[in-house]
Amino acid sequence: MPGMDLGIDLGTSQVVIYAAGHGIVLREPAVLAVDEKSGRLIACGREAYAMQGRAPASIVVVRPLSKGVISDYEYAERMLKYLVGKVCAYKVLKPRAAVSVPAAVTEVEQRSVLEAVTAANVRRVILMEESVAAAVGAGLDVAAARGCMAADLGAGTVDVAVMTLRGVASSVSAKVGGDDMDEAIIRYMRNTYNHVVGTLTAEQVKKTIGTALPEGPEETMEVPGRDAVTGLPAVRRVTSGDVYEAIGESLGEIVGVMQRVLENTPPELAGDVMAGGIVLTGGLSQLKGMAELIARSTGVDCRVAANPEDCVALGLGKAMKYAGVMRSGVYDISQFSYRLADPA
């Protein structure tokens, strides 16, 4: 099908691509492996993800996105070219694409995203705030004269918004997420048990026994790593209580973001949110007890959307339809004052 429309969820930890008429066609970790001397691309996606912490000195493993935005433009461009090429190989016309960005993105960061996506052989680019895309993808009616609230909890950022009448009434974007929790687990293991673990192991611990609430049956897990004192390989038993203590600060920041959005919401819309509840999307929303923690802290019912990791990409798939009617949260390339550089 020529002239394909894509929705690209350009996340800190993974890239999800939706193609109109086909659904989710790609889900890959946002990781590259490159030969240090020649600069040759060795692997991208799952294969590169598995190399983290295991690659020899001659191979550099790079995550080109940080806190929801591009931190290394060259590698981000190469990653997008590779991933978009997998989806759109053999297409006659270049695709159009809608791409997710945090609400607090700067104009410089916007331009980096636009240039990188345009360089991946995309002929038209639309930017959509992550919280707006999440709300649309979760099936919320953002056009009604009624407030609805969605929160996208990702690896690099938390984006929360209250929407009504095709516009954003209140929103907050904070640079806290799953990656901060992984780093907190690594620090906790070293400081408490003199046990050194890598990023992949910390992420697995979070997913397996991580919890957002201190009560409930305690779970345990054998965590391999290295003893910081002897320098020898070791295995340490870790409990869900340990993980909760490690990630407590990040959980507090996420709850604070939710509360700030509600504090800035007009009373009538706040009543609508109270009636309709908060919808959570993003990978971090699946952390055990996360919805209940937010419900307890805000006094508003909270639920996790179906297929929460896909909601942003699904919402982006509808961005072409919403680009001309949304009053805020969706930005067509023609709205920008600068001219994009020609793709190489």
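Heads up: the structure comes first, above all this text.
Here the structure is a predicted model, which is why all the values come from computation and not from measurement.

S.K.: Which parts of the structure should I look at to understand the nonpolar core?
M.R.: Inside soluble globular proteins, nonpolar side chains tend to come together where they are buried. Counting 44 residues, the largest nonpolar core has M149, L153, L280 and M290 as the members making the most contacts within it. Among the elements that take part in this core, helix α7 (residues 240-263) stands out by supplying 10 residues, more than any other. If we ignore the near neighbours within four places in the chain, the residues touching L280 are A151, L153, M258, S285, M290, A291, I294, C302, R303, V304, A305 and P308.

S.K.: Explain the packing of helix α5 (residues 178-193) against α7 to me, please; I cannot follow it from the model alone.
M.R.: Helix packing for two helices is described by the angle between their axes and how far apart those axes are. Closest axis-to-axis distance for the α5/α7 pair is 8 Å, and the angle between their directions is 140 degrees. α7 is crossed by α5, and the crossing has right-handed handedness. Residues D180, M181, A184, I185, Y188 and Y193 of α5 touch α7, and the partners they reach there are D242, V243, E245, A246, I247, S250, L251 and I254. Class assignment for the residues of the contact of α5 with α7 results in 10 nonpolar, one polar and three charged.

S.K.: Looking at this model, I keep getting lost on the sheet that holds strand β14 (residues 195-196). Mind explaining?
M.R.: Sheets are built from strands that pair by backbone hydrogen bonding, the pairs being arranged parallel or antiparallel. In spatial order, the strands read β14-β15-β16; together these three strands make up an open sheet with antiparallel pairing. The open sheet has two edge strands with one neighbour each: β14 and β16 (233-239). Direction of pairing for strand β15 (residues 220-227) relative to β16: antiparallel, over a ladder of seven bridges. Across the sheet, the residue bridging to T220 is T239, located in β16.

S.K.: Got a minute to help me understand the layout of surface pockets in this structure?
M.R.: A water-sized probe rolled over the atoms picks out the places where empty space is left. In this structure, the largest pocket occupies an estimated 820 Å³ of space. What lines the largest pocket is a set of 40 residues, and nearest its centre among them are S13, A155, E203, G283 and E309. Broken down by secondary-structure element, the contributors of at least two residues to the lining of the largest pocket are β2 (14-19), β3 (23-29), α1 (46-50), β11 (148-153), α5 and α6 (199-209). The element contributing the most residues to the lining of the largest pocket is α6, with six residues. Looking at the lining of the largest pocket residue by residue, the class counts come to 10 nonpolar, 16 polar and 14 charged.

S.K.: Can you help me understand the pattern of salt bridges in this one?
M.R.: Pairing of side chains with opposite charge becomes possible as their charged atoms draw close. A full pass over the atoms with the stated rule returns 14 salt bridges. The partner of R111 in a salt bridge is E115, with the nearest N and O atoms 3.1 Å apart. Of the two residues, R111 and E115 are both situated in helix α3 (residues 107-119); the distance of four residues between them amounts to about one turn of the helix. A residue is classified by how much of its surface remains accessible, and E115, at 16% relative accessible area, is buried. For E219, the salt bridge goes to K288, with nearest N and O atoms at 2.3 Å. Here K288 lies in the loop between β17 (278-281) and α9 (290-298) and E219 lies in the loop between α6 and β15, a separation of 69 residues in the sequence. Owing to a relative accessible area of 42%, K288 belongs among the partly exposed residues under this scheme.

S.K.: Could you clarify how one ought to interpret the side chain of D182 in this entry?
M.R.: Tracing the chain through its elements places D182 in helix α5. Polar contacts involving the side chain of D182 include one to the side chain of K206, which spans 3.1 Å. Setting aside chain neighbours within four positions, we find D182 in contact with A202, E203 and K206.

S.K.: Could you clarify how one ought to interpret the sheet that holds strand β4 (residues 32-35) in this entry?
M.R.: Taking strand neighbours across the sheet as the criterion, the three strands line up as β5-β4-β6 in an open arrangement whose pairing is antiparallel. Two strands lie at the open edges of the sheet, namely β5 (41-44) and β6 (59-62), each paired on one side alone. Recorded for the sheet is a direction-independent mean angle of 20 degrees between the axes of neighbouring strands. When β4 meets β5, the two strands line up antiparallel, connected through three bridges. Residue pairing in the sheet places V34 in a bridge with L41 of β5. Across the sheet, helix α2 (residues 73-88) is in contact with β4, β5 and β6; its angle to β5 comes to roughly 65 degrees.

S.K.: Before we go on, may I ask you to explain the pairing of strand β9 (residues 96-101) in this structure?
M.R.: Remark: a regular strand shows side chains that alternate across the two faces of the sheet. Across the six residues that make up β9, a large majority, five, are buried. In the sheet, strand β1 (residues 5-10) pairs with β9 via four bridges, with the strands oriented parallel. Each bridged residue has a counterpart across the sheet, and for G7 the counterpart in β9 is A98. Pairing analysis gives six bridges linking β9 to strand β10 (residues 124-129), with the strands arranged parallel. Of the residues in β10, the one forming a bridge with V101 is E129.

Parameters at a glance
- Residues numbered from 1 in each chain as written.
- Predicted model: local features only at pLDDT ≥ 70, side-chain atom pairs only at ≥ 80, totals over all residues.
- Heavy atoms only, no water.
- Core = buried A, V, L, I, M, F, W, Y, C linked by side-chain atoms within 4.5 Å.
- Buried < 20%, exposed > 50% of the residue type's maximum accessible area, 1.4 Å probe, protein only.
- Helix = DSSP H or I, 4+ residues; strand = E, 2+ residues; numbered from the N terminus.
- Contact = heavy atoms within 4.5 Å.
- Axes fitted to C-alpha atoms, helices over the stretch in contact; angles between N-to-C directions.
- Left-handed = near helix turned anticlockwise from the far one by under 90°.
- Nonpolar A, V, L, I, M, F, W, Y, C, P; charged D, E, K, R; others polar.
- Pairing = 2+ DSSP bridges.
- 1 Å grid on protein atoms, 1.4 Å probe; cavity = no way out; pocket = protein on both sides within 12 Å on 5 of 7 lines; lining within 4 Å.
- Points joined across faces, edges and corners; volume = space filled by probe spheres on them.
- Salt bridge = Lys/Arg side-chain N within 4 Å of Asp/Glu carboxyl O.
- Polar contact = N/O pair within 3.5 Å; in protein donor to acceptor, adjacent residues only side chain to side chain.

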